[in-house]
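Here are the chains, one letter per residue:
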Amino acid sequence: MILIINSSPRKKSTSYVISVANRILQKNDFETKILKLRQKEINFCKHCDYCLENQECIQKDDMEEINSLLEKSEGIILATPVYTSGINGQLKTMMDRTRSLMARNENALKGKIGAGIAIGGDRMGGQEIALSQIHNFYILNGMIPVSGGTFGANLGSTYWSKDTKENVKKDEEGKKTLVKTINRFMEFLDTYV
């Protein structure tokens, strides 16, 4: 199962891009699950170390379900709108809260394939920084980060929304980065999983 996580608090641009990625994956016979963080209750990590001693988080919210889905997946795609030149707070909070998953099983994500999608209001609004943050999360947890390769999708899929869903739909360069990234993601899944 491929887990696609939409971290946007809104229902527009990021959802549209994910729907395109999902169609490509399903057309190639990959089972997918889209998870919308805006529909989940995820509290901030307190870094209290309870999980290190007890192999579970002291907070009981929707992170237990998300950690389970992350662990069961073969591949993960994290999608974020760009906030202040990087990933948004919802995605960062989710990443931080995987601490309890890793405390329980430090190899929970090891060897999984990961890709990233970043949508910014400006052409150079921080998409590559956001993708680097996503790749850092993957590397930290022993995953295999995948980009679309050289010549246009160096770190993954980047879109320019100009703050509207209509402009995302018109962004042909963004779509090229998505197709390249998803194709390479599928190639790595077929090769390594």
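Our subject is the structure that appears above.
Residues numbered from 1 in each chain as written. Predicted model: local features only at pLDDT ≥ 70, side-chain atom pairs only at ≥ 80, totals over all residues. Heavy atoms only, no water.

1. Re the layout of surface pockets
Stage number 1. The volume enclosed by the largest pocket comes to roughly 340 Å³.
Stage number 2. Counting residues per element, the lining of the largest pocket draws most heavily on helix H8 (residues 172–192), at five residues.
Stage number 3. Split by residue class, the lining of the largest pocket holds five nonpolar, nine polar and five charged.
Stage number 4. Its boundaries defined by the atoms lining it, the second largest pocket holds a volume of some 280 Å³.
Stage number 5. Surrounding the second largest pocket, 14 residues form its lining, Met 95, Asp 96, Thr 98, Phe 137 and Leu 140 being those nearest its centre.
Stage number 6. Counted by class, the lining of the second largest pocket contains six nonpolar, five polar and three charged residues. (1 Å grid on protein atoms, 1.4 Å probe; cavity = no way out; pocket = protein on both sides within 12 Å on 5 of 7 lines; lining within 4 Å. Points joined across faces, edges and corners; volume = space filled by probe spheres on them. Helix = DSSP H or I, 4+ residues; strand = E, 2+ residues; numbered from the N terminus. Nonpolar A, V, L, I, M, F, W, Y, C, P; charged D, E, K, R; others polar.)

2. Considerations on helix H1 (residues 13–27)
Stage number 1. Between its first and last C-alpha atoms H1 spans 22 Å; for 15 residues at 1.5 Å apiece the expected length is 21 Å, and the two agree.
Stage number 2. Among the residues making up H1, those that are buried are Ser 13, Thr 14, Ser 15, Val 17, Ile 18, Val 20, Ala 21, Asn 22, Ile 24 and Leu 25.
Stage number 3. Count one or two residues on from H1 and you reach Asp 29, which has phi positive near 70°. (Expected span 1.5 Å × (residues − 1). Buried < 20%, exposed > 50% of the residue type's maximum accessible area, 1.4 Å probe, protein only.)

3. Observations concerning the pattern of salt bridges
Stage number 1. Scanning all chains against the criterion turns up eight salt bridges.
Stage number 2. Here Glu 71 and Arg 104 are joined by a salt bridge, their closest N and O atoms 3.0 Å apart. One end of the pair, Glu 71, is in helix H3 (residues 63–72); the other, Arg 104, is in helix H5 (residues 99–104), and 33 residues separate them in sequence.
Stage number 3. The exposure class assigned to Glu 71 is partly exposed, which follows from its relative accessible area of 25%. (Salt bridge = Lys/Arg side-chain N within 4 Å of Asp/Glu carboxyl O.)

4. Description of the packing of aromatic side chains
Stage number 1. Counted by the stated rule, this structure contains two aromatic pairs.
Stage number 2. Summarising the aromatic geometry, the rings of Phe 137 and Tyr 138 are spaced 6.1 Å apart at their centres and angled 55° between planes, so their arrangement reads as tilted.
Stage number 3. Taking the centre distance of 5.4 Å and the plane angle of 45° together, the rings of Phe 188 and Tyr 192 count as tilted. With Phe 188 and Tyr 192 both in helix H8 and four residues apart, this pair spans about one turn of that helix.
Stage number 4. Classification of Tyr 192 as exposed rests on a relative accessible area of 52%.
Stage number 5. The ring of Trp 160 carries Lys 162 above its face, with NZ or CZ at 4.5 Å from the centroid. (Phe/Tyr/Trp six-rings, centres within 6.5 Å; stacked < 30°, edge-to-face > 60°. Lys NZ or Arg CZ within 6 Å of the ring centre and 35° of its normal.)

Keep in mind these values describe shape, not function.
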